[in-house]
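# Coordinate analysis (summary)
This is what each chain is made of:
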Amino acid sequence: MSGRPTRVGIVYTQEVLGKGLAAMLAEHPARSVVTDVEKAEVVLYDVFGVHHTNGSDLADLLDRTESVVVAVSRDLRPDLRARALAAGAHGWISMSVGSHELIEAVEAAAAGEDLPGSTDPLGSHVGLTPREVEVLALIAQGASNLEIAERLYLSINSVKTYIRSAYAKIGATSRSRAVAWCLQHGFAPPD
């Protein structure tokens, strides 16, 4: 820890999360101060934004700041965390952390250290790439190949290639088996 508090920005979709994070950080006034995103060393980003804006807010944030962006992950939506990491978030923390874990993660991020859990992305145990995770997440949500292509700005042939490689890694031989695998391994069920 340096001699001054870490400047932290918070980007949130739901007010309860933003105010909750700010209140938790306020418990450690000597170690952190909440500030505008433009002045922050570390930005806490609510992964619900990936769902709400299809990731455009995260892309904009990453383009306009040099801050370390930490995804605040909803435990029941690991697919959103995976999408945020694939889009360029530097690491993630669970929304269920306590204030001491939160401040430690903020300080670790500011120091350029690995965050707790940042090395365990969704599907890593079978070698899925971030793009394969995105494709499987959309399959689990019920999206067609064409819808996946449109949402991820891919050609239909690229989507089919990602599906084939992901299916081989998870041992699925059909879309229904792929969906079952996804639901058993932390991907979000359809809304």
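Provided above is the structure to which this section pertains.
Residues numbered from 1 in each chain as written. Predicted model: local features only at pLDDT ≥ 70, side-chain atom pairs only at ≥ 80, totals over all residues. Heavy atoms only, no water.

## Description of the overall build of the protein
The helix and strand inventory of the protein stands at nine helices and five strands. Helices and strands in the protein line up, N terminus first, as β-α-β-β-α-α-β-α-β-α-α-α-α-α. Computed over C-alpha atoms, the radius of gyration of the protein comes to 17 Å, within 12% of the 16 Å expected from 2.2 N^0.38 for 191 residues, which places it in the range of a compact globule. In terms of overall dimensions, the protein has C-alpha extents of about 55 × 30 × 30 Å along its principal axes. Considering the protein as a whole, with its 191 residues, one finds that 45% of them fall into the buried category. Long-range pairs, those at least 24 residues apart, make up 70% of the contacts in the protein with a sequence separation of at least 6. Per element, the accessible surface of the protein, about 9500 Å² overall, is 53% carbon and sulfur. (Helix = DSSP H or I, 4+ residues; strand = E, 2+ residues; numbered from the N terminus. Rg over C-alpha atoms; globule rule 2.2 N^0.38 Å. Buried < 20%, exposed > 50% of the residue type's maximum accessible area, 1.4 Å probe, protein only. Contact = heavy atoms within 4.5 Å. Areas by Shrake-Rupley, 256 points an atom, 1.4 Å probe, with all protein chains shown as cover.)

## Focus on the sheet that holds strand 3 (residues 42-46)
If you walk across this open sheet you meet the five strands as 2-1-3-4-5, and the pairing is parallel. Where the open sheet ends on each side, the last strands, each with one partner, are strand 2 (32-34) and strand 5 (91-94). Between one strand axis and the next, the sheet turns by 30 degrees as a mean value, whatever way the strands run. Helix-sheet contacts for helix 3 (residues 56-64) involve strand 1 (6-11), strand 3 and strand 4 (68-73), and the interaxial angle to strand 3 is about 175 degrees. (Pairing = 2+ DSSP bridges. Axes fitted to C-alpha atoms, helices over the stretch in contact; angles between N-to-C directions.)

## Remarks on the packing of helix 1 (residues 15-26) against helix 5 (residues 99-110)
For the pair helix 1 and helix 5, interaxial distance at closest approach is 9 Å and the crossing angle is 85 degrees. Compared by their axis directions, helix 1 and helix 5 come out roughly perpendicular. Along its contact with helix 1, which presents Leu21, Met24 and Leu25, the element helix 5 presents Ser99, Leu102, Ile103 and Val106. Tallied by class, residues from the contact of helix 1 with helix 5 come to six nonpolar, one polar and no charged. (Parallel < 35°, antiparallel > 145°, perpendicular 65-115°, else oblique. Nonpolar A, V, L, I, M, F, W, Y, C, P; charged D, E, K, R; others polar.)

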